[in-house]
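The lines below spell out each chain.
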Amino acid sequence: MTAGELAISAHGLTRRFGSFVAVDHITFDVGAGEVFGFLGANGAGKTTAIRMLIGLLAPSDGSATVAGFDVVTQRAQLRRRIGYMSQRFSLYGDLTVRENIELYGGIYGLSDADIDSRTSALLDSLGLARSAGDLVATLPLGWKQKLAFSVALLHEPAIVFLDEPTGGVDPITRRQFWELIYAAAARGTTVFVTTHYMDEAEYCDRICVLVDGTIAALGTPAALKAEHGVATVDELFVQLARGAKVTA
Amino acid sequence: MRHGALRAFMAKEVRHILRDRQTLTILLLMPLVQVVLFGFALRSDVHDVRLVIVDPAQDVASLSLRSRFASSSRFRIVATTRSASAVEPLFRRGDAEVALAFEPDFAGRVASRTEPARVRLSVDASDPNTATVIQSYARAVIAQWAEERAADMPAVAVRPVRIATAVRMRFNPTLESVNLFVPGLIALVLTLVSALMTAISLSREKERGTMEVLLVSPLRPWQIIVGKVLPYLALAFANVITALLAAWLVFHVPFRGSVLLLLGESLLYAVVSLALGVLIAARTSSQRAAMMVAMVGTLLPSTLLSGMIFPIASMPAWLAPFTTIIPARWFIVVARGIMLKGVGLPYLWRETLVLVGMALVLMLAAVRSFKPRLA
Amino acid sequence: MRTLRVMLKKEFLQIFRDRFMVALMFVMPIVQLLLLSNAATFEVKRAAVYVVDLDHSATSRAVVDRLRASGRFVIEEASSSMTLANEAMLARRVGIIVGLPADFGRDLVRTRAATVQLVLNAEDGAAAGVTSAYASRIIAAYAAELDAAGGVRAAQPSIDVRVRNWYNPELDYRDYMVPGILVQLVTVVGTLLTAMNIVREKELGTLDQLSVTPLARGTFIAAKLIPLWLLALVELSLGLVVARYVFHVPMRGSILLVFGAAAVYLVAALGIGLFVSTLAATQQQAMFITFFIIMIYLLMSGLFTPVRSMPGWAQVLAQANPVKHFILLMRAVLLKGASLRDVASPLAALGAFGAVILALAVRQYGRRVG
């Protein structure tokens, strides 16, 4: 991989809270167009790492570039190029579907014509055209998540960060959600996704397993399974996490 | 088993409260700050009155009366002019409160004795209370001056009739404001913690959806309410005790009656407030709404319509009945009775009964409005 | 600019979608203004009296008659036992005991001097003070009446003191209180809603979402403050209408000046809310911190007790209190017709406070990352 194709590049990225080291010198690269899975038990440091990469949290040590921009010094440029969907549902429940889309479109500086066309395309592809005027709070959870993902992609970011996007969603909706992820990757968007569903890890191009804030394994799912002599990512994870201080 | 669940639930609530250091600090600090403010800063006695002299006469008599004002500890002369037109701008800017104007031939009139000499007091009455006090101060200075001058004159045959009034202010002889406010303050603190905190904490669980989780647990609705409410009750009591200690140790507020009775009545009042808080939470949809209703519905009436600051006797006849539905109004009578008058239940049973009634009605309403929402 | 427009639209949509809150924001203050303005008075209209007349002479009865005739006193009970009278006071049946000693009438004839005992229930301090002043005045007037009847003229070369009460000749306490209560209302609503509105986005997680967009900090803050600033001004207008047409509070100064000053003041008030929102993690915290600050500001503002009656240190502290400056300004402009030049110094203080608190809050916001 050449530097120009790197979507994310982290070097010795570290974050301490007092004496507690949440993320401990992690180094990794993510290539453009990759679906990169970030795995770990609760408290392993996934969310802290993602918050540093999107510029919400300053690293205590180390550096990282995302889409070629430094996460500390070039936050403003960085933010135009990334999309983010947090663990918690992050659209406004008291606004309608259309109002939410228009809001984020406006924040990213899309023109009215662009917002209009992208809104109808988005609603059609999600099958939400009829619900455009409904308050988001009234939608079923699965729909909310798919909508939030689509809104995070509205401004066509180079990289989209998904922090446990499928928490609490039924298996069918999860599958549909991954279809959306693949569609985005097919259009050239890099996808950085954290999850603790190990079956989902199998869908990723490469995975990175985080244990106690450090990288315990990094590679394609197939290579890692072969290396550790296990049949599934789930077994791999159990093996790696056994020595962890923080467990789920 | 069920009680184990209740205990666990309460432990969770206690942890919530203890973890939130900011709120806890403020809650414990608030009554102390209030006692200090009421004790030291909030007084209504008028001193350092700024006086303007309008004296076109500038004669012996006017100068003599002026020097009386100048030497009075209550007045400070901020300006002396010959024309009355200089007064108004001073009033408008708030640089003076009162003006004393002499007539041109003041000494001549004083000496003639056929007609009274005239002075005019102009008071900035935009604050009517202060204006009334200033007026009486000024009259007193003038009257004393006149009386002393009269002493120099030939004696008059008959002394005027004097009916003196011997005034005794019972229960609070010096009209110390801390003494009056501390009972109200207890009501305020209990309202704040019990009604407001409970309303918000419950509506927060509703807003976050955690209430649904509680509802499917083996806890019964009343247990959820009790679990939510008891820790706040303890907190409220800690507050009441700090406020009382501060009042007693720093300001020597009297405790003439039974402390035990006072705490018992406080408990009763806290139950009323808690029930009100639960009711508000059950009837509103968001934390913001719960807060607004709790604030406007409990806190403000408890300070302003309860007799804490403004006497109920002073309110217009149509307004007074409204105060009867405000729990704090009854509690303040009880708290003042116990602390200042040293009376007990024989004198306070009526107010206590009203509070008991309110507690029952509100608790019933709270549990009822809570239930259908659970289903 | 476009982003600001988009964000403003969002804020207005969210505010007005919550019908209940909107109703609450407009109906509650009006109701409060009506109730509180009437409640906030120290005047005592009718005091319940217990008469202990041990004299039973024509003069002692005349004193009681004068009290009753004034309309301010209602004779509830009478007996010759001070113990029973005390009992009535303890039970709150009466607020004042008027005691006429056994030789009252005789003393008055013989020595031309006698004493009436007034015992007041000072549990209600303000009311007790006012009531005793009324009673003393009525009794003094009766003494003068006796002199006049007996043909005795006051001997002193009395000075005729004419009093003029400027701005409020009727000494109507409501004129004084209503502007202050209006300030209290817009302060509470503006500050609390600002703090809670922003913290709500923190709690919901939408603030993080906005933080990773290119949305500028200034735009976000402006979009949060402008709608609430406008709402508070609308609320003030409503309150002023009620003050004018329901309470007939005089409005001698320029209304434009009132609104201009309110616009400046609200920047300070909302700035406090904004500052609190940077400290609080939950709406509950936001509310308590705000409430704590507002309570201190209000108590020290001169709303209930004059600032000039406070001890020196408290008066110095009050200089840093925007609520104090605005109440002073409102009263001066509305009641006294003060001009811009008259209120220049409180207005400047408000402006300075607004600028400082806003700068602090915005800086505090920047620190959130990291």
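Residues numbered from 1 in each chain as written. Chains lettered and ligands numbered in written order. Predicted model: local features only at pLDDT ≥ 70, side-chain atom pairs only at ≥ 80, totals over all residues.

*Asks:* Honestly, the overall build of chain A in this entry has me stumped. Any pointers?
*Replies:* Of regular secondary structure, chain A possesses nine helices and ten strands. Computed over C-alpha atoms, the radius of gyration of chain A comes to 18 Å, within 12% of the 18 Å expected from 2.2 N^0.38 for 248 residues, which places it in the range of a compact globule. Counting only C-alpha atoms, chain A reaches 50 × 40 × 35 Å along its principal axes. The buried share of chain A, taken over its 248 residues, is 44%. Expressed as a percentage of contacts within chain A between residues at least 6 apart in sequence, the contacts between residues at least 24 apart total 68%. (Helix = DSSP H or I, 4+ residues; strand = E, 2+ residues; numbered from the N terminus. Rg over C-alpha atoms; globule rule 2.2 N^0.38 Å. Buried ≥ 20, exposed ≤ 12 C-beta atoms within 10 Å, placed from the backbone. Contact = placed C-beta atoms within 7 Å.)

*Asks:* Can you walk me through the environment of Asp134 of chain A in this structure?
*Replies:* Residue and element names in this part refer to chain A. Structurally, the position occupied by Asp134 is in the loop between helix 4 (112-126) and helix 5 (141-152). A residue is classified by how many C-beta atoms lie within 10 Å of it, and Asp134, with 14 of them, is partly exposed. Separated by 38 residues in the primary sequence, Asp134 and Thr96 place their C-alpha atoms 5.0 Å from one another. Filtering out sequence-adjacent residues up to four positions away, Asp134 remains in contact with Thr96, Val97 and Leu139.

*Asks:* Can you help me understand the sheet that holds strand 3 (residues 96-100) of chain C in this one?
*Replies:* Sheet strands pair via backbone hydrogen bonds, and the direction of the pair is either parallel or antiparallel. Pairing within the open sheet is mixed, and its five strands lie in the order 5(B)-4(C)-3(C)-1(C)-2(C). Here the strands that pair on one side only, and so sit at the sheet edges, are strand 5 (162-170) of chain B together with strand 2 (73-79) of chain C. Each strand of the sheet is rotated relative to its neighbour by a mean of 25 degrees, with strand direction disregarded. Relative to strand 2 of chain C, strand 1 (residues 47-53) of chain C runs parallel, the two sharing six bridges. From the neighbouring strand, Val51 of chain C faces strand 2 of chain C, where its bridge partner is Ala78 of chain C. Helix 4 (residues 82-90) of chain C contacts strand 5 of chain B together with strand 1, strand 2, strand 3 and strand 4 (113-121) of chain C of the sheet and is inclined by roughly 170 degrees relative to strand 1 of chain C. (Pairing = 2+ DSSP bridges. Axes fitted to C-alpha atoms, helices over the stretch in contact; angles between N-to-C directions.)

*Asks:* Quick question: what am I supposed to make of the interface of chain B and chain C here?
*Replies:* By convention, interface size is frequently given as the accessible area that disappears when the constituent parts associate. With 94 residues of chain B at the contact, the number on the chain C side is 96 residues. Looking at the side of chain B that touches chain C, the elements with two or more residues in it are helix 2 (21-41), helix 4 (87-93), strand 4 (118-124), helix 6 (128-151), strand 5, helix 7 (177-208), helix 11 (287-304) and helix 13 (327-341) of chain B. Element by element, the count of residues in the side of chain B that touches chain C is highest for helix 6 of chain B, at twelve residues. Of the residues that constitute the side of chain B that touches chain C, the class distribution is 54 nonpolar, 18 polar and 22 charged. (Nonpolar A, V, L, I, M, F, W, Y, C, P; charged D, E, K, R; others polar.)

*Asks:* How should I be thinking about the sheet that holds strand 2 (residues 20-31) of chain A in this particular structure?
*Replies:* All names here are of chain A. In spatial order, the strands read 2-1-4-5; together these four strands make up an open sheet with antiparallel pairing. What marks the edges here is a single partner per strand, and that holds for strand 2 and strand 5 (69-70). Where strand 1 (residues 6-17) meets strand 4 (residues 61-66), five bridges bridge the pair, whose relative direction is antiparallel. Across the sheet, the residue bridging to Thr14 is Asp61, located in strand 4. Taken strand by strand, helix 1 (residues 46-53) contacts strand 1, strand 2 and strand 4, and its axis lies near 120 degrees from that of strand 1.

*Asks:* What should I look at first to understand helix 3 (residues 58-69) of chain C in this one?
*Replies:* Along an α-helix, a turn takes 3.6 residues, which lines up residues three or four apart on a common side. Residues and elements named next belong to chain C. Taking 1.5 Å as the rise per residue, helix 3 with twelve residues should run 16 Å; its terminal C-alpha atoms sit 16 Å apart, in good agreement. For helix 3, every residue scored as buried is listed here: Ser60, Val63 and Leu67. Along helix 3, the residues classed as buried sweep out an arc of 55 degrees about the axis, all on the same side. For helix 3, the exposed residues lying more than 90 degrees away from the buried face are Ala58 and Ala69. Looking at the buried residues of helix 3, the elements they touch are strand 1, strand 2, strand 3, helix 5 (104-111), strand 4 and helix 6 (125-149). Just downstream of helix 3 lies Gly71, where phi reads positive at about 85 degrees. (Expected span 1.5 Å × (residues − 1). Arc of directions from axis to C-beta.)

*Asks:* I keep staring at the interface of chain C and chain A and nothing clicks. Help me out?
*Replies:* Each partner contributes to the interface: chain C provides 19 residues, whereas chain A provides 22 residues. At seven residues, helix 1 (residues 2-17) of chain C tops the list of elements feeding residues into the side of chain C that touches chain A.

*Asks:* Quick question: what am I supposed to make of the environment of Ala141 of chain C here?
*Replies:* Tracing the chain through its elements places Ala141 of chain C in helix 6. Here the alpha-carbon distance between Ala141 of chain C and Arg66 of chain C, two residues 75 residues apart in the chain, equals 9.2 Å.

*Asks:* It is not clear to me how unusual backbone geometry should be interpreted in this structure. Could you clarify?
*Replies:* Trans is the common state for peptide bonds, and a negative phi is the common state for residues other than glycine. Notably, His25 of chain A is not glycine yet its phi reads approximately 45 degrees, a positive angle. Turning to its location among the elements, His25 of chain A is positioned in strand 2. Residue His25 of chain A is classed as partly exposed on the basis of its 15 C-beta neighbours within 10 Å. Notably, His252 of chain B is not glycine yet its phi reads approximately 55 degrees, a positive angle. Within the element layout of this structure, His252 of chain B appears in the loop between helix 9 (221-251) and helix 10 (259-283).

*Asks:* Sorry, what's going on with the confidence of the model for chain C here?
*Replies:* It should be kept in mind that the predicted coordinates are not to be read in detail where pLDDT is low. Put simply, chain C has an average pLDDT of 87, and 96% of its residues get 70 or more. Under the prediction, the complex receives an ipTM of 0.83, its pTM being 0.83. (pLDDT = per-residue confidence, 0-100.)

*Asks:* I'm lost on the arrangement of the chains in this one. Help?
*Replies:* With two pairs of chains in contact overall, the greatest share of contacts is found between chains B and C. Considering only C-alpha positions, the minimal separation of the non-contacting chain A and chain B is 11 Å.

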